[in-house]
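# Chain and residue survey
Here are the chains, one letter per residue:
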Amino acid sequence: MPSTRSKNWKAANERFMRFIAVLFSAIAHLALLQSCSAQGPTVSDSGYRIAGEKDSTVLPFELVDNRQLIKVKINGRGPFTFGLDTGGGNLVTPELAKQLGLKLTDGFQIGGAGEKRVPAWRTRVERVEVGEITATNQSFLVISLKDIQKAIGFKEFDGLLGHELFRSLTTRIDFEKREMTFTDPEKFRYQGEGEIIPFRLSGQIPQIEGEIDGIGGKIVIDTGDRSSLTLFVPFYQENPIRQKYPDRIKAVTGWGIGGPIPSEMFRLKRLGFGEIVLTDVVARLPLVTSGAFVRSDSIASIGSGLLKRFNVVFDYKRNRMILEKNRNFNYRDDFENYILKESAGEI
């Protein structure tokens, strides 16, 4: 028969193994919770679709301060004025959410292009209509855009549509005609002569390969960015950009979620991506210590100030962007286009 000492050892060992099992279970559960929390907003249950049997539909837009503004109906009401933003997603303002009687949940803090974090909530929208495009049961963030609206001078600015729409439909932005063409990705066939540039999604934003004055790296494409080119803080601090371009202008060059974006501006000698090379591009160096422009996985952001030189196709299904040069391709940018508030003149 086993000794008393042996029985005690066996019982202690079983208790220890149960403790280890519980401990690992708790650690796994904690990791799962952290993973879910890091994913951010719940992915929408259904995508954007073109009504009826049509393969594509055309929608007019306004170009205001280099932002593409479209008309959107929410839960059958509207239309309201929304921006189209590859750098963002479904978003409504608290004022519109209140007007529509939307229920806000899960209050938290969120950051953007500015340095501050701002209050945000989540809500659910039963139906979204963009011309002939519809979506149901969509998850939206609720964030104030009052400061941006005031700084830019928008008469109306009720929300944003972004990656959920781009992910659902191949989107062509014709900056000359001020028209967007949305096409069922399965039916889309490109037969033009534009430059085809592959991209990957960095989170939810397209990211391409490019080079700045011969220095290669990844560049994000942000239609919600009013500027032509923004060099990210880690990139310009690690490279002799300031030394190379001593004649810079300091100004507030934008206003994003989280506040103003003070910057130094100069004319970059060379920007390249795909087979396209651009010179004399107005670029900015954000003077911030936190926010979206302090990311280190990309070297820069191309905004609509530069994209409007092209008619642009975003084909998320095939992970590619297509750029067709338009009549504005050789347009020479002006610093004044990007100054919201003169702050310190020339440096």
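Details of the structure are given in the entry above.
Residues numbered from 1 in each chain as written. Predicted model: local features only at pLDDT ≥ 70, side-chain atom pairs only at ≥ 80, totals over all residues. Heavy atoms only, no water.

What follows is about the sheet that holds strand β12 (residues 179–183). Reading across the sheet, the 6 strands line up as β2-β12-β11-β24-β25-β13 and stay open at both edges, with antiparallel pairing between neighbours. Because the sheet does not close on itself, it has two edges, and the strands there are β2 (56–60) and β13 (195–198). When strand polarity is set aside, the average angle formed by the axes of neighbouring strands in this sheet is 15°. (Pairing = 2+ DSSP bridges. Helix = DSSP H or I, 4+ residues; strand = E, 2+ residues; numbered from the N terminus. Axes fitted to C-alpha atoms, helices over the stretch in contact; angles between N-to-C directions.)

This paragraph deals with the nonpolar core. Formed by 71 residues in total, the largest nonpolar core has its most connected members in Ile 70, Phe 82, Leu 161, Leu 231, Leu 271 and Phe 273. Per-element accounting of this core gives the leading share, 4 residues, to strand β9 (residues 133–142). Discounting residues that sit within four places of it in the chain, Leu 231 has contacts with Ile 212, Tyr 236, Ile 241, Phe 266, Arg 284, Leu 285, Pro 286, Ile 299 and Ala 300. Within the second largest apolar cluster, 13 residues are counted, among which are Leu 69, Ile 143, Leu 145 and Ile 257. (Core = buried A, V, L, I, M, F, W, Y, C linked by side-chain atoms within 4.5 Å. Buried < 20%, exposed > 50% of the residue type's maximum accessible area, 1.4 Å probe, protein only. Contact = heavy atoms within 4.5 Å.)

Tallied over the entire structure, the rule returns 7 aromatic pairs. Relative to Phe 175, the ring of Phe 61 lies with its centre 6.1 Å away and its plane at 85°, an arrangement referred to as edge-to-face. Of this pair, Phe 61 sits in the loop between β2 and β3 (62–64) while Phe 175 sits in the loop between β11 (170–174) and β12, placing them 114 residues apart in sequence. Taking 5.5 Å as the distance between ring centres and 70° as the angle between the ring planes, the aromatic pair formed by Phe 310 and Phe 329 counts as edge-to-face. (Phe/Tyr/Trp six-rings, centres within 6.5 Å; stacked < 30°, edge-to-face > 60°.)

Moving on to the layout of surface pockets. Looking at the second largest pocket, its volume works out to about 240 Å³. Along its surface, the second largest pocket is lined by 17 residues, and Val 118, Ser 144, Asp 147, Gly 258 and Gly 259 are the ones closest to its centre. Mapped onto the lining of the second largest pocket, the elements with two or more residues apiece are β8 (118–130), α3 (146–152), β18 (249–256) and β19 (259–268). The class makeup of the residues in the lining of the second largest pocket is 10 nonpolar, 4 polar and 3 charged. (1 Å grid on protein atoms, 1.4 Å probe; cavity = no way out; pocket = protein on both sides within 12 Å on 5 of 7 lines; lining within 4 Å. Points joined across faces, edges and corners; volume = space filled by probe spheres on them. Nonpolar A, V, L, I, M, F, W, Y, C, P; charged D, E, K, R; others polar.)

In this section: the pattern of salt bridges. In total, this model carries 23 salt bridges according to the counting rule given. We note a salt bridge from Lys 218 to Glu 209, for which the minimum N-O separation is 2.5 Å. On the accessibility criterion, Lys 218 (31% relative accessible area) is partly exposed. The shortest N-O distance in the salt bridge between Arg 284 and Asp 225 comes to 3.2 Å. Remark: Asp 225 occurs in the loop between β16 (215–221) and β17 (229–231) and Arg 284 occurs in strand β22 (residues 281–286); sequence separation between them is 59 residues. Since its relative accessible area comes to 6%, Asp 225 is described here as buried. A single network of salt bridges, built from pairs that share partners, joins Asp 65, Arg 67 and Arg 226. (Salt bridge = Lys/Arg side-chain N within 4 Å of Asp/Glu carboxyl O.)

Once that is clear, we can look at the environment of Gly 258. Structurally, Gly 258 is set in the loop between β18 and β19. Relative accessible area serves as the criterion here: at 10%, Gly 258 is assigned to the buried category. C-alpha of Gly 258 to C-alpha of Gly 114: the two residues are 144 residues apart in sequence and 4.0 Å apart in space. Apart from the residues lying within four places of it in its own chain, the contact partners of Gly 258 are Gly 114, Glu 115, Lys 116 and Val 118.

If you trace the backbone, Asn 326 turns up in the loop between β25 (320–325) and β26 (341–346). Engagement of the side chain of Asn 326 in a polar contact is seen with the backbone oxygen of Lys 308, the distance being 3.1 Å. Within polar-contact distance, the side chain of Asn 326 engages the backbone nitrogen of Asn 328 at 2.8 Å. Dropping the residues within four chain positions of it, Asn 326 is found in contact with Phe 175, Glu 176, Lys 308, Arg 309, Phe 310 and Asn 311. (Polar contact = N/O pair within 3.5 Å; in protein donor to acceptor, adjacent residues only side chain to side chain.)

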